[in-house]
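Summary of structural features
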Amino acid sequence: MARQVRAEQTRATIITAAADLFDRQGYESTSLSDIVEHAHVTKGALYFHFAAKEDLAHAVLELQSATCRRLARDTEIRGHTSLEALMRLTFGIARMSAADPVLRAGLRLATGGTRPRPPLSHPFTEWMDIVTARLLGAVKESDVHPDVDIDVVAHSLVCFFVGTRVVGRSREGVARQPRRTAEMWQILIRGLVPVTRRARYLSLAARLEREIAPV
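A brief structural summary. Quantities reported herein were computed from a predicted structural model and do not represent experimental measurements.

Take the overall build of the chain next. Looking only at helices and strands, the chain has 10 helices and 0 strands in total. Along the chain, helices and strands appear, N-terminal first, in the series α-α-α-α-α-α-α-α-α-α. Compactness check: the chain gives a C-alpha radius of gyration of 19 Å against a globular reference of 17 Å for 215 residues, within 12% of the reference. With the C-alpha coordinates of the chain rotated into their principal frame, the extents come out at 60 × 35 × 35 Å. A buried classification covers 47% of the 215 residues belonging to the chain. For the chain, the exposed area adds up to about 11,200 Å²; of that, 54% sits on carbon and sulfur atoms. Both charge centroids of the chain, one from 30 positive and one from 24 negative side chains, sit 4 Å from each other.

So this is what it looks like as structure tokens:
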């Protein structure tokens, strides 16, 4: 049992080290030797868990997917409206990305053309499925205009959120993401939410920004 625990810890250490390097210098510019040095493990330990760099990229994407699905479930089961659950999900990802290299690396891998292995979906496909489901719920709850094209809005929202993070990565620190996420929602709420419910969600965006903003 102790050996198994150590093996799992070593695997997690290697994935985190690889994610940190993928995020900071890119997948193509990162070698297995770089990962071995950064993780402070032997080559034998790395090859025991991962036969190739592609295996590490897939492991990062798997963890990113699991984290996003867990956040989506958490916001759903707490009794929030569909729109609030969606907002909390985006702010949650923004908050965790500041501390978690796996989420940052997963985004860089996804935007760099790395394809996950089936049955794992591409992150953007998975995110659009989640967003679509929440928007459909928000329409039923009268928090979003009934005549919106859900597919178009879901696609635009994912592009907005991903683009904000990609541009922000090169222009400003991840600590700025709460503000950018709030700005995104301020624009979307004014276009999607009926006037009678708009103040509630604008206030929520401001409150969520304050809750996750760095001290």
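So, on to the pattern of salt bridges. Scanning all chains against the criterion turns up 12 salt bridges. For the salt bridge of Arg200 with Glu84, the shortest nitrogen-to-oxygen distance reads 3.7 Å. Of this pair, Arg200 sits in helix 10 (residues 195-212) while Glu84 sits in helix 5 (residues 82-99), placing them 116 residues apart in sequence. Counted as one network, the salt bridges with shared partners bring together Arg179, Arg180, Glu183 and Glu209.

Moving on, we come to the environment of Gly163. Topologically, Gly163 is positioned in helix 8 (residues 150-171). For Gly163, a relative accessible area of 28% translates into the label partly exposed. Distance from Gly163 to Tyr47, taken between C-alpha atoms, is 35 Å for residues 116 residues apart in sequence.

For the rest of this paragraph, the subject is the packing of aromatic side chains. The full count for this structure, using the stated rule, is 2 aromatic pairs. An angle of 55 degrees between the planes, with centres 5.2 Å apart, marks the rings of Phe22 and Tyr27 as tilted. Judged by its relative accessible area of 15%, Tyr27 is buried. Positioned above the aromatic ring of Tyr27 is the side chain of Lys53, whose terminal nitrogen or guanidinium carbon lies 4.3 Å from the ring centre.

Moving on, we get to the packing of helix 5 against helix 7 (residues 123-140). Put simply, helix 5 and helix 7 touch, their axes get as near as 7 Å, and they point 150 degrees apart. Between helix 5 and helix 7, the angle is such that the two are roughly antiparallel. In this structure, helix 5 uses Ser82, Leu83, Ala85, Leu86 and Leu89 to contact helix 7, whose residues at the interface are Ile130, Val131, Arg134, Leu135, Gly137 and Ala138. When the residues that make up the contact of helix 5 with helix 7 are grouped by side-chain class, the tally is 8 nonpolar, 2 polar and 1 charged.

Cut-offs applied
- Residues numbered from 1 in each chain as written.
- Predicted model: local features only at pLDDT ≥ 70, side-chain atom pairs only at ≥ 80, totals over all residues.
- Heavy atoms only, no water.
- Helix = DSSP H or I, 4+ residues; strand = E, 2+ residues; numbered from the N terminus.
- Rg over C-alpha atoms; globule rule 2.2 N^0.38 Å.
- Buried < 20%, exposed > 50% of the residue type's maximum accessible area, 1.4 Å probe, protein only.
- Areas by Shrake-Rupley, 256 points an atom, 1.4 Å probe, with all protein chains shown as cover.
- Lys, Arg positive; Asp, Glu negative; His and termini not counted.
- Charge placed at Lys NZ, Arg CZ, Asp CG, Glu CD.
- Salt bridge = Lys/Arg side-chain N within 4 Å of Asp/Glu carboxyl O.
- Phe/Tyr/Trp six-rings, centres within 6.5 Å; stacked < 30°, edge-to-face > 60°.
- Lys NZ or Arg CZ within 6 Å of the ring centre and 35° of its normal.
- Axes fitted to C-alpha atoms, helices over the stretch in contact; angles between N-to-C directions.
- Parallel < 35°, antiparallel > 145°, perpendicular 65-115°, else oblique.
- Contact = heavy atoms within 4.5 Å.
- Nonpolar A, V, L, I, M, F, W, Y, C, P; charged D, E, K, R; others polar.

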